[in-house]
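Residue-level structural notes
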Amino acid sequence: MKPKQKAKITIDILMTALLVVLMAYPVTGQAVHEWVGAGMFLLFLAHHIFNLYWLKTLGKGKYNGQRILQTVVDALLLADMLALMFSGIRLSRYVFTFLPGLGSAAAARRLHMLASYWGLVLMGFHLGLHWGAVTAPLRRRFGGKAGPLPWCAGTAAGLYGAYAAWKHQIWQYLTLRSEFIQFDFDRPAALYFWDHFSMMALFALLACAIVSLVRKHRKGAAKP
Amino acid sequence: MKKKLSLIVALVLMLSLAACGSRSNSPGNTPPAANAPDTPPAGSAADPEPSGSAGTPDTLPAAAGDGGILIAYFGVPETDGTDTVANASRVATEGGVVGNCQFIAQAIRQAVGGDLFAIETVQEYPGTHQPLLDFAYEELRQNARPELSGEIENLDDYAVIFLGYPNWNADLPMPLYTFLETYDFSGKTIIPFVTHGGSGFSRTISTIQELQPNAAVLTDGLSISRGSVPNAAQEAMDWASEILG
């Protein structure tokens, strides 16, 4: 594998892992959250540099259902990440304290809260919509079909993710009904990471399902 | 057939994970006077400042019964929003409108006696919700130590200090930092109570222990969600009576 490919994949895996760490803010505490967040933004910039062709080809070529979905989600995710970074800088108590606090901290916190859980949803969709690109190097390496196990594990994670989404009541954060994270101190802290990873898996699965539906529809329509 | 089998395996995996993880307790009120010691959250291992004392007891040491009781509290009752409806920061009582922590403090005093002490600052906090949130966040960001007005004259008279505060940004309000850095509660017992908007005590009990390493800080504090404060008088009285033994 070329070094560029390797770097690209490493960055993507890191971003996925770090997102889960960021979501576990009540467990990791403020300082870790801020440093990981700053690191995440650097990775985000690197990710765009490695995927510059996306920007370049935006205006070109045909837009089918899948590509429309991908582009919309990608654009929303981009906006979401920028919102997280700007609000994060405003809220920062360790890394960015050298910057003046412009604007309302309370507003920044609400934006950060809203963008964080929507970011989780969008990141899940992003993974699911680009799943082909994720598995392509694996297919090249190992060839052929992977069998039922990955599908199985993914579905299990996704199903648990539905339960976790309900348990954490993420609907309250997605709609800003709650302005502060409610943390259950009796729940093992380590589960917090798994809960959020599986929520991402849930949204990735949903996106995969939508894509296969869209593809079937397209194939069906294309039949002479 | 293969896909059906996979689905069953997936369901089994999911159920076992769910069973592993679920606990019965819900966020918000901490049940009073449980005898098992609290385990610190995993996140505390990552803290730069380790806890001052080896273990924090959850029931009162016998010696504390000899001294007086002080009930110190801090709060900024907001002037906007509807009066005493869920999520307000104040309660209407026969004696007028009081702040949430003051209300709980008064209930505690009714149950176990003691002297009330309002922790007050020289500066006046914004009285309306959003500006207050902004102000409090900025103070936290600056690690401020707002100057306190008023003083505890006879600290030696007290062996037990009930300490009440609202949870601000998952932390103590900054005046509490000033308070805990001003007075030395060595050899005394600090019993925290908090009013919150969903985050309970967060890490504030550990913080109090770090600031007062030679005081006994009880971990079995009273945690009342701000919407429940007006109806929490009895719970506060029961908790205070039970924790003093």
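Residues numbered from 1 in each chain as written. Chains lettered and ligands numbered in written order. Predicted model: local features only at pLDDT ≥ 70, side-chain atom pairs only at ≥ 80, totals over all residues. Heavy atoms only, no water.

**Some thoughts on the overall build of chain B**
- Regarding its fold elements, chain B presents 6 helices and 10 strands.
- Out of the 245 residues in chain B, the part that is buried amounts to 43%.
- Considering only contacts in chain B between residues 6 or more positions apart, those separated by 24 or more positions represent 78%.
- Within the structure as shown, chain B displays about 11800 Å² of accessible surface, and the carbon and sulfur contribution to it stands at 53%. (Helix = DSSP H or I, 4+ residues; strand = E, 2+ residues; numbered from the N terminus. Buried < 20%, exposed > 50% of the residue type's maximum accessible area, 1.4 Å probe, protein only. Contact = heavy atoms within 4.5 Å. Areas by Shrake-Rupley, 256 points an atom, 1.4 Å probe, with all protein chains shown as cover.)

**What to know about helix α3 (residues 30–50) of chain A**
- Between its first and last C-alpha, α3(A) extends 30 Å over 21 residues, near the 30 Å set by a 1.5 Å rise per residue.
- Those residues of α3(A) not exposed but buried are Gln30(A), His33(A), Glu34(A), Val36(A), Gly37(A), Ala38(A), Met40(A), Leu43(A), Phe44(A), Ala46(A) and His47(A).
- Tucked into the core, α3(A) has its buried residues touching α1 (3–23), α2 (25–28), α5 (65–91) and α6 (105–129) of chain A together with α3 (129–141) of chain B. (Expected span 1.5 Å × (residues − 1).)

**Side note on the pattern of salt bridges**
- Enumeration according to the criterion identifies 4 salt bridges over all chains in this entry.
- Glu138(B) is paired through a salt bridge with Arg90(A); the nearest N and O atoms lie 3.7 Å apart. Taken together, the positions of Glu138(B) in helix α3 and Arg90(A) in helix α5 put the pair across two chains.
- Given a relative accessible area of 23%, Glu138(B) falls into the partly exposed group.
- Classification of Arg90(A) as buried rests on a relative accessible area of 11%. (Salt bridge = Lys/Arg side-chain N within 4 Å of Asp/Glu carboxyl O.)

**Regarding a nonpolar patch on the surface**
Residue and element names in this part refer to chain A.
- Where nonpolar side chains cluster on the molecular surface, the patch consists of Tyr63, Ile68, Val72 and Leu76 and spans about 340 Å² of accessible area.
- Inspection of the secondary structure assignment puts Ile68 in helix α5.
- Look at Ile68 and you get partly exposed, because its relative accessible area is 44%. (Patch = residues over 30% accessible without salt bridge, like charges linked within 9 Å, V, L, I, M, F, W, Y side chains within 5 Å.)

**Points about the confidence of the model for chain B**
- Chain-level pLDDT for chain B is 79 on average; 70% of the residues reach the 70-or-more range.
- The lowest-confidence element of chain B is helix α1 (residues 2–21) of chain B, averaging 58 in pLDDT; the highest-confidence one is helix α4 (residues 174–182) of chain B, averaging 98. (pLDDT = per-residue confidence, 0-100.)

**As for the pairing of strand β7 (residues 158–166) of chain B**
All names here are of chain B.
- Counting buried residues in β7 gives 9 out of 9 residues, a clear majority hidden from the surface.
- Relative to β7, strand β1 (residues 68–73) runs parallel, the two sharing 6 bridges. What sits directly across from Ile69, in β7, is Val160.
- Where β7 and strand β8 (residues 189–196) come together, 7 bridges link them in parallel fashion. Paired with Ile161 across the strands is Ile190, a residue of β8.
- The handedness of the β7 to β8 crossover, carried by α4, is right-handed. (Pairing = 2+ DSSP bridges. Right-handed = clockwise from strand over helix to strand, strands pointing away.)

**A word on the nonpolar core**
- Core analysis: the biggest nonpolar cluster contains 44 residues, and Tyr117(A), Leu120(A), Ile170(A) and Met199(A) have the highest contact counts within it.
- Examining the composition of this core, we find that 9 residues originate from one element, helix α10 (residues 189–222) of chain A, more than from any other.
- Residue contacts for Leu120(A): discarding those within four places in its chain leaves Leu19(A), Met23(A), His196(A), Met199(A), Met200(A) and Phe203(A).
- Judged by nonpolar contacts, the second largest core, of 33 residues, contains Leu70(B), Ala72(B), Leu148(B) and Tyr177(B). (Core = buried A, V, L, I, M, F, W, Y, C linked by side-chain atoms within 4.5 Å.)

**Details of the side chain of His47(A)**
- Within the secondary structure, His47(A) is located in helix α3.
- Setting aside residues no more than four positions away along its own chain, His47(A) makes contact with Ile11(A), Asp12(A), Met15(A) and His126(A).

**Describing the side chain of His112(A)**
- On the secondary structure map, His112(A) appears in helix α6.
- With near-sequence residues (within four places) excluded, His112(A) lies in contact with His33(A), Leu84(A), Ser87(A), Gly88(A) and Leu91(A).

**Some points on the environment of Ile13(A)**
Residue and element names in this part refer to chain A.
- Following the sequence through the fold, Ile13 ends up in helix α1.
- Note on Ile13: relative accessible area 56%, which makes it exposed.
- As a C-alpha pair, Ile13 and Val134 span 121 residues in sequence and 9.8 Å in three-dimensional space.

**Quick word on the packing of α5(A) against α6(A)**
Residues and elements named next belong to chain A.
- Running from N to C, α5 and α6 cross one another at 150°; their axes reach a closest spacing of 8 Å. What the angle tells us is that α5 and α6 run roughly antiparallel. Crossing geometry of α5 relative to α6 is assigned as left-handed.
- In terms of residue class, the contact of α5 with α6 is made up of 17 nonpolar, 8 polar and 4 charged. (Axes fitted to C-alpha atoms, helices over the stretch in contact; angles between N-to-C directions. Parallel < 35°, antiparallel > 145°, perpendicular 65-115°, else oblique. Left-handed = near helix turned anticlockwise from the far one by under 90°. Nonpolar A, V, L, I, M, F, W, Y, C, P; charged D, E, K, R; others polar.)

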